[in-house]
Amino acid sequence: MLIVMSGLPGAGKSAVAEELGRRIPAPVLSVDPVEAAMWRAGIDRGQPTGLAAYVVVEALAGEILALGQRVIVDAVNDAEEAREQWRTLARRSGSALRLIEVMCSDPDVHRRRLAGRRRGLDCFPEPTWASVQARRAAFTNWRADRLVLDSIASPADNARTALAHLEHSGHSGH
Ligand SMILES: Nc1ncnc2c1ncn2[C@@H]1O[C@H](COP(=O)(O)OP(=O)(O)OP(=O)(O)O)[C@@H](O)[C@H]1O
Ligand SMILES: [Mg+2]
């Protein structure tokens, strides 16, 4: 089973993904640290490292799925190309695909969390609230079948909801 997180920066994806990863248990492959690693290794920021990080995570996720294990991919996934990439990977590897969107229903809380979090990714620019707002439509217009979690609830509660959803949705995944 390929589990794909999505949601705006600061919405709370990584918090839920990590809690879910501990409980399943399953590895969490997060795209941002992969891009930060490329920069650390000296790859120029003018190169398409954002796209490359998605492609690297796809390759690693494919290896884990080939072992018959579950994997969680943690990325914003607001671009249709990114979403298509996970659909293709699931199809190619014969895995069930489960989409989980994390949103924060209180904009003030979301904004405070975005400003306050520290990820320990050296040199990784933190997105501004304005840039987050500009990406919101990619989620309100998204029609795919998915579990939507509100990060006003705790990551532990949301991971429990996600686990119940993964156990009861669909048929083929394991
Ligand atoms: N349910 C929650 N309750 C309290 N704090 C939370 C909750 N979810 C996330 N946070 C905090 O809010 C901040 C943003 O959360 P997180 O890093 O999980 O967002 P994200 O969606 O992964 O963002 P990005 O796309 O930029 O990686 C973090 O400091 C995190 O600890
Ligand atoms: Mg994150």
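**Student:** I'd like to hear about the side chain of Glu 101, residue by residue, with values.
**Tutor:** Along the chain, Glu 101 turns up in strand 4 (residues 97-103). Here Glu 101 falls in the buried class, since its relative accessible area comes to 6%. A distance of 2.6 Å separates a polar atom in the side chain of Glu 101 from a polar atom in the side chain of Arg 146. Ignoring anything within four residues of it in the chain, the contact list for Glu 101 reads Ser 6, Gly 7, Phe 139, Trp 142, Arg 146, Leu 147, Val 148 and Leu 149.

**Student:** So, the site of ligand 1: which residues are in play, and what are the values?
**Tutor:** Every one of the 17 residues lining ligand 1 counts as a neighbour, but Gly 10, Lys 13, Ser 14, Arg 117 and Ala 153 are closest to it. Protein contact buries 75% of the 630 Å² of open area that ligand 1 shows by itself. Counting atoms within 2 Å of the grid points, the majority share of ligand 1 lands in the largest pocket. In terms of residue count, helix 1 (residues 13-23) provides more of the shell around ligand 1 than any other element does, 3 residues in total. In the shell around ligand 1, the residues fall into 7 nonpolar, 5 polar and 5 charged.

**Student:** Got a sec to walk through the pattern of salt bridges? Specific residues and values, please.
**Tutor:** Scanning all chains against the criterion turns up 10 salt bridges. Between Glu 84 and Arg 91 there is a salt bridge whose closest N-O contact spans 3.9 Å. Taking the relative accessible area as the measure of exposure, Arg 91 reaches 58% and is therefore exposed. Across the pair Arg 160 and Asp 157 runs a salt bridge, and its minimum N-O distance is 2.4 Å. Of the two residues, Arg 160 and Asp 157 both sit in helix 8 (residues 155-168), 3 residues apart, roughly one turn of that helix. Its relative accessible area of 44% is what places Arg 160 among the partly exposed residues. Of the residues examined, Asp 157 reaches a relative accessible area of 36% and is grouped as partly exposed.

**Student:** If you had to explain the environment of Ser 105 to someone new, which residues and values would you point to?
**Tutor:** With respect to the secondary-structure elements, Ser 105 resides in the loop between strand 4 and helix 5 (107-116). For Ser 105, a relative accessible area of 43% corresponds to the partly exposed category. Sequence spacing of Ser 105 and Ala 115 is 10 residues, and the spatial spacing of their C-alpha atoms is 17 Å.

**Student:** Now, about the packing of aromatic side chains: what can you tell me, with residues and values included?
**Tutor:** Enumeration according to the criterion identifies 2 aromatic pairs in this entry. Centroid distance Tyr 54 to Trp 86: 6.4 Å. Interplanar angle 35°. Geometry classified as tilted. In this pair, Tyr 54 is assigned in helix 3 (residues 49-66) and Trp 86 in helix 4 (residues 80-93), connecting sequence segments 32 residues apart. Across the pair, exposure class does not vary: Tyr 54 and Trp 86 are buried alike. Residues Phe 139 and Trp 142 carry aromatic rings whose centres are separated by 6.2 Å and whose planes lie at 80° to one another, so their mutual orientation is edge-to-face. For Trp 142, a relative accessible area of 8% puts it in the buried group. Of note, Arg 45 hangs over the ring of Trp 39, and the distance from its end group to the ring centre comes to 3.8 Å. When the ring centre of Trp 142 is taken as origin, the NZ or CZ atom of Arg 83, which lies over that ring, is 3.8 Å away.

Calculation rules
Residues numbered from 1 in each chain as written. Chains lettered and ligands numbered in written order. Predicted model: local features only at pLDDT ≥ 70, side-chain atom pairs only at ≥ 80, totals over all residues. Heavy atoms only, no water. Helix = DSSP H or I, 4+ residues; strand = E, 2+ residues; numbered from the N terminus. Buried < 20%, exposed > 50% of the residue type's maximum accessible area, 1.4 Å probe, protein only. Polar contact = N/O pair within 3.5 Å; in protein donor to acceptor, adjacent residues only side chain to side chain. Contact = heavy atoms within 4.5 Å. Near = heavy atom within 4 Å. Areas by Shrake-Rupley, 256 points an atom, 1.4 Å probe, with all protein chains shown as cover. 1 Å grid on protein atoms, 1.4 Å probe; cavity = no way out; pocket = protein on both sides within 12 Å on 5 of 7 lines; lining within 4 Å. Sits in = over half its atoms within 2 Å of the grid points. Nonpolar A, V, L, I, M, F, W, Y, C, P; charged D, E, K, R; others polar. Salt bridge = Lys/Arg side-chain N within 4 Å of Asp/Glu carboxyl O. Phe/Tyr/Trp six-rings, centres within 6.5 Å; stacked < 30°, edge-to-face > 60°. Lys NZ or Arg CZ within 6 Å of the ring centre and 35° of its normal.

Such coordinate-based values are descriptive only and should not be taken to indicate function.
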